[in-house]
Amino acid sequence: MTSTERIGQRAIDQGAALVTGAGTGIGAAITERLAAQGRDLVLVARDSVRLETAAERLRAEHRVDVLTVPLDLSRPDAPAHLAKHLKDAGVEIDILVNNAGAALVGPVGDIDPARIRELVDLNATAVAETTALFLPAMLARGRGAIVNIASTAAYAPAPYNAAYAASKAFVLSFTQALWHETRGTGVRVVAVSPGAIETPMNPGRARGKRQPEQVAETVMAALRGRAPAVVDGRAYVLQAFVFSRVLPSRTAARLTGNFFRRAAQSKQS
Ligand SMILES: NC(=O)c1ccc[n+]([C@@H]2O[C@H](COP(=O)([O-])OP(=O)(O)OC[C@H]3O[C@@H](n4cnc5c(N)ncnc54)[C@H](OP(=O)(O)O)[C@@H]3O)[C@@H](O)[C@H]2O)c1
């Protein structure tokens, strides 16, 4: 039996978990936690070698079946291709974690417009479309979970990180709305927003930075909880509250702008 056939077989009892952006950072930490619970996994990202290396390790350490699907989710046909591939293989998805994402720091006027489209296609469009593709089967089964990884950047406009923050605001709003739509259906929907996390997207240690494993812990707790949106880490809960509910948006934008302008300058130097 191949990995695909075994996952298809087991899905009858307990569907697999699909994690996008699964080869590194937060996605890798989430797959680790799901595998430790005995979940079969489908891992998606562009780098097939990295995905297969992660899959080998998860199979060996946790004795779960792991399928890898190398895919560029910013491409318009990618979510539909993924759903069809898994349907043809008989793989049922009970947990969907939309985690793949990318950032673009700098003034909008300096960024290639095509890169802004790519970012929005990956961070927002693919999240909404993938959710819409896998949700109906979960609703029909009366069970399932969708975790969309947003960001504390979703809670205020962010000059010099404008498209990223706006794409995450989309994820947060979309997920909160879907949480309401799915109440009482048996399908758990939640947005999880990390602050600064030490990953390939945000390398280097800094005060207040958290680790991917801590976000994975928050995701597992969010799956057990009932809230529509969860922020990872106490300091970031407070930050998100202050930036979205206390400060006037102009002040919030000035403060986030100062932070990301420095981040953009340090990237250049
Ligand atoms: N790190 C932070 O400070 C932070 C804070 C808040 C929110 N987040 C969010 O957390 C999520 C995970 O990020 P991370 O920090 O763990 O960074 P990361 O390690 O760079 O993870 C991003 C993942 O997305 C995949 N990916 C990127 N572009 C893709 C594409 N076009 N198609 C498919 N997969 C793609 C990458 O794999 P490939 O390159 O192989 O495709 C990678 O596995 C993102 O949504 C990010 O916005 C991160």
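Structural data are supplied above this passage.
Residues numbered from 1 in each chain as written. Predicted model: local features only at pLDDT ≥ 70, side-chain atom pairs only at ≥ 80, totals over all residues. Heavy atoms only, no water.

## Brief notes about the overall build of the protein chain
A count of helical and extended segments in the protein chain gives nine helices and seven strands. The C-alpha radius of gyration computed for the protein chain amounts to 18 Å, which stays within 12% of the reference 18 Å derived for 269 residues, consistent with globular compactness. When burial is assessed residue by residue, the protein chain has 48% of its 269 residues classed as buried. Counted over contacts in the protein chain with a minimum sequence separation of 6, partners at least 24 positions apart contribute 71%. Put simply, the protein chain has 32 plus and 24 minus side-chain charges, and the middle of one group is 9 Å from the middle of the other. (Helix = DSSP H or I, 4+ residues; strand = E, 2+ residues; numbered from the N terminus. Rg over C-alpha atoms; globule rule 2.2 N^0.38 Å. Buried < 20%, exposed > 50% of the residue type's maximum accessible area, 1.4 Å probe, protein only. Contact = heavy atoms within 4.5 Å. Lys, Arg positive; Asp, Glu negative; His and termini not counted. Charge placed at Lys NZ, Arg CZ, Asp CG, Glu CD.)

## So, the sheet that holds strand 7 (residues 229–231)
Taken together, the seven strands give an open sheet; going across it, the order is 3-2-1-4-5-6-7, and neighbouring strands pair in parallel fashion. If you trace the sheet from one side to the other, it starts and ends with strand 3 (66–70) and strand 7, each paired once. Averaged over all pairs of adjacent strands, the angle between their axes in this sheet comes to 15 degrees, without regard to strand direction. Pairing of strand 4 (residues 93–98) with strand 5 (residues 144–149) involves four bridges; the strand directions are parallel. Counterpart to I95 in the pairing with strand 5 is A145. Running over the sheet, helix 3 (residues 48–62) touches strand 2 (41–45) and strand 3 and is turned about 175 degrees from strand 3. Running over the sheet, helix 6 (residues 162–181) touches strand 5, strand 6 (187–193) and strand 7 and is turned about 155 degrees from strand 6. (Pairing = 2+ DSSP bridges. Axes fitted to C-alpha atoms, helices over the stretch in contact; angles between N-to-C directions.)

## Re the site of the ligand
Not every one of the 30 residues close to the ligand is listed here, only the nearest: R46, N99, Y164, G195 and T199. Between the ligand and the protein, one listed contact pairs a nitrogen atom with a side-chain N or O atom of D72 at 2.8 Å. At 2.7 Å, a backbone N or O of N99 approaches an oxygen atom of the ligand. Notes on the ligand: free accessible area 870 Å², of which the protein chains cover 93%. Elements supplying a minimum of two residues to the shell around the ligand: helix 2 (25–36) and helix 6. Class assignment for the residues of the shell around the ligand results in 14 nonpolar, 11 polar and five charged. (Near = heavy atom within 4 Å. Polar contact = N/O pair within 3.5 Å; in protein donor to acceptor, adjacent residues only side chain to side chain. Areas by Shrake-Rupley, 256 points an atom, 1.4 Å probe, with all protein chains shown as cover. Nonpolar A, V, L, I, M, F, W, Y, C, P; charged D, E, K, R; others polar.)

## Quick notes on the pattern of salt bridges
Once their charged atoms are close, side chains differing in charge can pair, the charge on each being opposite to the other. Using the criterion set out here, one finds 14 salt bridges in the structure. Two residues, E198 and R205, come together in a salt bridge whose shortest N-O distance is 3.8 Å. Overall, the relative accessible area of 22% leaves E198 in the partly exposed class. Look at R205 and you get exposed, because its relative accessible area is 71%. Via salt bridges that share partners, E92, D94, R141 and R143 belong to a single interconnected network. (Salt bridge = Lys/Arg side-chain N within 4 Å of Asp/Glu carboxyl O.)

## A few points about the packing of helix 2 against helix 7 (residues 212–224)
For the pair helix 2 and helix 7, interaxial distance at closest approach is 8 Å and the crossing angle is 55 degrees. Taken as axis vectors, helix 2 and helix 7 run oblique relative to one another. For the crossing formed where helix 2 meets helix 7, the hand is right-handed. Along its contact with helix 2, which presents G25, I26, A29, I30, R33 and L34, the element helix 7 presents P212, E213, V215, A216, E217, V219 and M220. Class assignment of the residues belonging to the contact of helix 2 with helix 7 gives a composition of nine nonpolar, one polar and three charged. (Parallel < 35°, antiparallel > 145°, perpendicular 65-115°, else oblique. Left-handed = near helix turned anticlockwise from the far one by under 90°.)

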